[in-house]
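Architecture at a glance
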Amino acid sequence: MRCALFLLFSLAAISCAEARTIRVMSYNIHVGIGMDKKLDLARIAAVIKRERAEIVGLQEVDRGVERTGRVDQIVRLARLTGMDYVFAPNLRYQGGWYGVAILSRFPIVSFEHRRYRNLREAERRGFIRAEIAIGDVRLQFVTTHLDYQFADGRLFEARQLLNALDHIRDPLIVAGDFNDEPTGQTYKAMCLALADAWVARRGPTANGFTFPADEPIKRIDYVFYRGFDRLRVERAWVVDTPASDHRPVVVEFKLH
């Protein structure tokens, strides 16, 4: 009996030792322009560092675009935060590219970028998936930004995203601006395949509003996940900051 109990406790200790905490963020940075209409990438980087985010899904990122001084925003943010990065150029704009990106404190082993087919919205959208090495574990982290004009367009894009991720068997986190509230069809489609980390930790009645940043009235930014035996939500919160027109969502996971 004593041997059995010792083995049980030993296995539990090994399990706890192997688990590690990771902190992820979804942040629509509005190309670095805050609620005060000022462009300030250092302010965005300060939010990321202050929250100690280790993996960040960014939306509305410019790269060499005239309106933001032709700055390579993802390179600048990577330098300011000391993180690795990948960028997905979804739309050619003003001599540069506009899209989504990922920052990571862990090594990015590989990545995949796909653009969505769309129904009628002029803005081209897509997603980027990074395979991230966290010790011996390979985490799949995705960020995206869906159609803000048409509900059927959002749903069309979300279904393409889910189809593209269906084969993944590693722990999976999907973070982004989905431009859809929890009553919407896109949100419901995502929840058929993935769990909403906010709801998993805070419950369905906690508002989690992220937009607009000064007086938020909508929850449209999410962190979804799959891999229930490998990922457990420990904490979830929304950051009160005017650095963008969205507030970032932060989720702390226990990764096994």
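Below: a short report on this structure. (Residues numbered from 1 in each chain as written. Predicted model: local features only at pLDDT ≥ 70, side-chain atom pairs only at ≥ 80, totals over all residues. Heavy atoms only, no water.)

Turning next to the packing of helix 4 (residues 151–165) against helix 5 (residues 185–193). Here helix 4 crosses helix 5 at 15°, and the two axes come no closer than 8 Å. Taken together, the axis directions place helix 4 and helix 5 in an arrangement best described as roughly parallel. As for the relative orientation of helix 4 and helix 5, their crossing is right-handed in sense. For the pair helix 4 and helix 5, contact is made by A151, R154, L155, A158, L161 and L162 and by Q185, T186, A189, M190 and A193, respectively. When its residues are assigned to classes, the contact of helix 4 with helix 5 shows eight nonpolar, two polar and one charged. (Axes fitted to C-alpha atoms, helices over the stretch in contact; angles between N-to-C directions. Helix = DSSP H or I, 4+ residues; strand = E, 2+ residues; numbered from the N terminus. Parallel < 35°, antiparallel > 145°, perpendicular 65-115°, else oblique. Left-handed = near helix turned anticlockwise from the far one by under 90°. Contact = heavy atoms within 4.5 Å. Nonpolar A, V, L, I, M, F, W, Y, C, P; charged D, E, K, R; others polar.)

Our next topic: unusual backbone geometry. Following F211, the chain continues into P212 via a peptide bond in cis, with omega recorded as -10°. Within the secondary structure layout, P212 lies in the loop between helix 6 (197–202) and strand 10 (221–226). A positive phi is found at R52, a non-glycine position, where the angle reads about 55°. Within the secondary structure, R52 sits in the loop between helix 2 (41–50) and strand 2 (55–63). The exposure class of R52 is exposed, given its relative accessible area of 55%. Look at N179: it is not a glycine, yet its phi comes out positive at around 50°. Within the secondary structure layout, N179 lies in the loop between strand 8 (172–177) and helix 5. According to the relative accessible area criterion, N179 is buried, its value standing at 16%. (Buried < 20%, exposed > 50% of the residue type's maximum accessible area, 1.4 Å probe, protein only.)

Let's shift gears to the nonpolar core. The tendency in soluble globular proteins is for nonpolar side chains to be buried side by side. In this structure, I22, V24, I55, I173, V223, V251 and F253 are the most contacted members of the largest nonpolar core, which totals 31 residues. The next biggest cluster of nonpolar side chains, apart from the first, holds 23 residues, and it includes L41, A45, V47 and A53. (Core = buried A, V, L, I, M, F, W, Y, C linked by side-chain atoms within 4.5 Å.)

With that out of the way, let us pick up the pairing of strand 6 (residues 126–134). Burial of strand 6 is extensive: nine of the nine residues sit out of reach of the surface. Two strands pair when backbone bridges link them, and strand 5 (residues 108–115) and strand 6 are joined in this way by seven bridges, in the antiparallel orientation. Paired with R115 across the two strands is G126, which belongs to strand 6. Where strand 6 folds back on strand 7 (residues 137–145), the antiparallel hairpin that results is connected by two residues, among which G135 adopts a positive phi of roughly 65°. (Pairing = 2+ DSSP bridges.)

Geometric descriptors of this kind do not, in isolation, establish any biological role.
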